[in-house]
Amino acid sequence: MTFEGRNYDIIVGTTAPITGYLFMKKKISIKTLLTWNFVGLILVLFILLNGILSSELPFQQFGFEQPNRAINYFPYVLLPATIVPIVIWTHISDIIKLRKEIKTTPKQGV
């Protein structure tokens, strides 16, 4: 569950302030922001699946040499219990909002 261990959603988290700033300054388009949110959602779902499959469960697939036990204890239990659902919900709600904005934005030059 480290950056070396396929935790690529860290990239989206670290670029979030930059992406938000560039969008507010109109340096990137709604479609770019929508793509960024889709990529972020896919990456967080990927690490969620990795976390589940490396936990000490009957269907554990990897991490046998060092199972993912930390997420069973405070404060690490907050990751799967609160932070991951908040991140997933934020990406989904942003995608819904941005898609509505794309539909209501009038086409120019047509």
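Just so we're clear, the structure is a prediction, and the values are computed from it rather than from any experiment.

> With reference to specific residues and values, describe the nonpolar core.
Listed in full, the nine residues of the largest apolar core are L33, L34, L41, V44, I47, V84, I88, I95 and L98. Looking at this core, the elements that each hand over two or more residues are α2 (30-53) and α3 (78-104). Once residues within four sequence positions are removed from consideration, L34 is found in contact with I95, L98, R99 and I102.

> Give me the environment of W36: which residues, what numbers.
Note on placement: W36 falls in helix α2. Distance in space between the C-alpha atoms of W36 and H91 is 9.3 Å, their sequence separation being 55 residues. Contacts of W36, omitting those with residues within four sequence positions, involve V12, T15, A16, T19 and H91.

> I'd love a proper account of the packing of helix α1 (residues 9-24) against α2, names of residues and values included.
One way to put it is that α1 packs onto α2 with a least axis distance of 10 Å and a crossing angle of 160°. Accordingly, the angle class assigned to the pair α1 and α2 is roughly antiparallel. The chirality of how α1 crosses α2 is left-handed. Contacts between α1 and α2 involve D9, V12, T15, A16, T19 and F23 from the former and I30, L33, W36, G40, L43, V44 and I47 from the latter.

> Describe in detail the packing of α2 against α3, supporting the description with residues and values.
Remark: α2 packs on α3, axes separated minimally by 9 Å, with the N-to-C direction vectors making an angle of 155°. As far as their axial angle goes, α3 and α2 are roughly antiparallel. Between α2 and α3 lies a crossing whose hand is left-handed. Residues I30, K31, L33, L34, W36, N37, F38, G40, L41, V44, L45 and L48 of α2 touch α3, and the partners they reach there are V84, V87, I88, H91, I92, D94, I95, L98, R99, E101 and I102. A breakdown of the residues in the contact of α2 with α3 according to their chemical character gives 16 nonpolar, three polar and four charged.

> Break down α2 for me, with residues and values.
Compared with the 34 Å implied by 1.5 Å per residue over 24 residues, the 35 Å span of α2 between its first and last C-alpha is a close match. Of all the residues in α2, the buried ones are L33, L34, N37, G40, L41, V44, I47, N50 and G51. If you follow the buried residues of α2, they end up packed against α1 and α3.

Cut-offs applied
Residues numbered from 1 in each chain as written. Predicted model: local features only at pLDDT ≥ 70, side-chain atom pairs only at ≥ 80, totals over all residues. Heavy atoms only, no water. Core = buried A, V, L, I, M, F, W, Y, C linked by side-chain atoms within 4.5 Å. Buried < 20%, exposed > 50% of the residue type's maximum accessible area, 1.4 Å probe, protein only. Helix = DSSP H or I, 4+ residues; strand = E, 2+ residues; numbered from the N terminus. Contact = heavy atoms within 4.5 Å. Axes fitted to C-alpha atoms, helices over the stretch in contact; angles between N-to-C directions. Parallel < 35°, antiparallel > 145°, perpendicular 65-115°, else oblique. Left-handed = near helix turned anticlockwise from the far one by under 90°. Nonpolar A, V, L, I, M, F, W, Y, C, P; charged D, E, K, R; others polar. Expected span 1.5 Å × (residues − 1).

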